[in-house]
Amino acid sequence: INFEIITDRDTMAPHERSPYAGREWGEELWEEIYETQIVFAPFIEWRTNEYHGEYVNIDSSGARKTWNPVVSNSEEYQTLYMFGGSTLWGFVARDDYTISSFLSKKINNAGHNVMVHNYGEISYISTQELLRLVLLLKEGHRPDYVIFYDGVNDAYAAYQSGTPGVQNIVMLKEKWGYSTSSSAMSIIFRGLMKGTVDILTQSRIHQAIGKIAVLSSPKEEFQEAASNYDEEQLQSLTKDLTGYFLETVDVLDYLSDTYGFKYAVFWQPTLFTKRSITEEEANSEARAHDKTLFSFYQLSTKSLVSQRSAHLFDISDVFDNETDTVYIDISHTSEEGNEMIAERMFQILENGFLD
């Protein structure tokens, strides 16, 4: 990032930014996203509650609606389950324009009969995604393909706490400084707090909810644990994150052998890996100003790429030649950005992954 173009942080809501200019559905889409509620879920800590709108639809299991072809009962088709954070879920994207929907269109238009399911969830890290997959397998689901799309949430969780796999939602909300009408994390926080009265009446759930958020008031000022790390400390944290993330791949490898599905893990692009940053992108949120976080994500990306896993694909360079605004913050992309990501995924999957 050219930090010289960073001025005051952009306070516009996501739908007011240039990728959505002139699109009448933008404000209604954002209102629907804001109306969604987060509920407590055993083992995976939270998930989005069922919701039905014009542009955002979530079923009773918490899965986002995905574009899929209409098939008859006599047709045979395979299933592809996708897991990730809010970037995969489709933050500020209509149902048919999420990464999962674009990928489904590309796969089926190429002649593959595949039904794609979007199990992305706001703020999930890879461990939560693994648990979500295990629970689905336990329920009898048998996908033919599994895709994990990760990077920013695992990296920021490690950066925030100094330890991979740990995150604190109250700290996230406070640090981001968004109003309740302009943040995915605020949606999570609001949903959790709304359910607190009911949750506290159940002792086991009360204990579990402690993993998600500290219900006492956060300090007025704080710093992420790694915000003042020197280069040696960042390198050490990078090594820890790399090992932690590769454990996800190891578990997926075991589950793949046991349950007979193919899998791929994609390391996602972020604002920190885009070569040409627009002023609008640079001023999109507070974390875009964090040079240490910038360095940490780049170090983590290089470290994971060096592992050369047969199932791990780095697509962090997908926007290398893009000069227009595609990011509404450091990770969430416009619908056009979602399609570019899906296209890169499809190119990789077509090369020996899809039957």
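Coordinates for the structure precede this section.
Keep in mind it's a predicted model, so treat the numbers as computed, not measured.

Colleague: I would appreciate a short explanation of the packing of aromatic side chains in the present structure.
Modeller: To describe a pair of aromatic rings, you give the distance between the ring centres and the angle between the ring planes. Enumeration according to the criterion identifies 16 aromatic pairs in this entry. One aromatic cluster in this structure is built from Tyr 81, Phe 83, Tyr 119 and Phe 148. Here the basic side chain of Arg 64 rests over the ring of Trp 89, its NZ or CZ set 4.5 Å away from the ring centre.

Colleague: Looking at this structure, how should I read the packing of helix 5 (residues 152-161) against helix 10 (residues 231-259)?
Modeller: Angle between the axes and distance between the axes: these two values describe a pair of packed helices. At their nearest, the axes of helix 5 and helix 10 sit 11 Å apart, and the two run at 135 degrees to each other. With respect to helix 10, the element helix 5 is oriented oblique. Crossing handedness for the pair helix 5 and helix 10: right-handed. For the pair helix 5 and helix 10, contact is made by Asp 154, Ala 155, Ala 158 and Tyr 159 and by Leu 237, Leu 241, Tyr 244 and Phe 245, respectively.

Colleague: What is the right way to look at the side chain of Asp 150 in this model?
Modeller: For Asp 150, the location among the structural elements is in strand 7 (residues 145-150). Among buried charged residues, Asp 150 stands out as having no salt bridge; its nearest opposite-charge side chain is Arg 132, 12 Å away. Ignoring anything within four residues of it in the chain, the contact list for Asp 150 reads Gly 84, Ser 126, Glu 129, Phe 245, Phe 266, Trp 267 and Gln 268.

Colleague: Explain the sheet that holds strand 8 (residues 262-267) here, please?
Modeller: Strand pairing in a sheet relies on backbone hydrogen bonds. The paired strands run either parallel or antiparallel. Read across the open sheet, the five strands follow the order 6-5-7-8-9; overall the sheet is parallel. Of all the strands in the sheet, the pair left with one neighbour each is strand 6 (114-118) and strand 9 (312-314). Within the sheet, the average angular offset between the axes of one strand and its neighbour, ignoring direction, is 20 degrees. Relative to strand 8, strand 7 runs parallel, the two sharing six bridges. From the neighbouring strand, Tyr 149 faces strand 8, where its bridge partner is Phe 266. Relative to strand 6, helix 3 (residues 99-109) is tilted by about 175 degrees, and along the sheet it contacts strand 5 (78-84), strand 6 and strand 7.

Colleague: Whenever I open this one, the environment of Tyr 20 confuses me. Can you help?
Modeller: Mapped onto the fold, Tyr 20 is located in the segment before helix 1 (25-35). On a C-alpha basis, the gap between Tyr 20 and Ser 334 in space is 8.0 Å, while along the polypeptide they are 314 residues apart. Residues within four places of Tyr 20 in sequence aside, it is in contact with Pro 14, His 15, Trp 25, Val 92, Ile 328, Thr 333, Ser 334 and Glu 335. Polar contacts involving the side chain of Tyr 20 include one to the main-chain carbonyl oxygen of Val 92, which spans 2.5 Å.

The rules behind these values
Residues numbered from 1 in each chain as written. Predicted model: local features only at pLDDT ≥ 70, side-chain atom pairs only at ≥ 80, totals over all residues. Heavy atoms only, no water. Phe/Tyr/Trp six-rings, centres within 6.5 Å; stacked < 30°, edge-to-face > 60°. Lys NZ or Arg CZ within 6 Å of the ring centre and 35° of its normal. Axes fitted to C-alpha atoms, helices over the stretch in contact; angles between N-to-C directions. Helix = DSSP H or I, 4+ residues; strand = E, 2+ residues; numbered from the N terminus. Parallel < 35°, antiparallel > 145°, perpendicular 65-115°, else oblique. Left-handed = near helix turned anticlockwise from the far one by under 90°. Contact = heavy atoms within 4.5 Å. Buried < 20%, exposed > 50% of the residue type's maximum accessible area, 1.4 Å probe, protein only. Lys, Arg positive; Asp, Glu negative; His and termini not counted. Salt bridge = Lys/Arg side-chain N within 4 Å of Asp/Glu carboxyl O. Pairing = 2+ DSSP bridges. Polar contact = N/O pair within 3.5 Å; in protein donor to acceptor, adjacent residues only side chain to side chain.

By themselves these figures say nothing about function.
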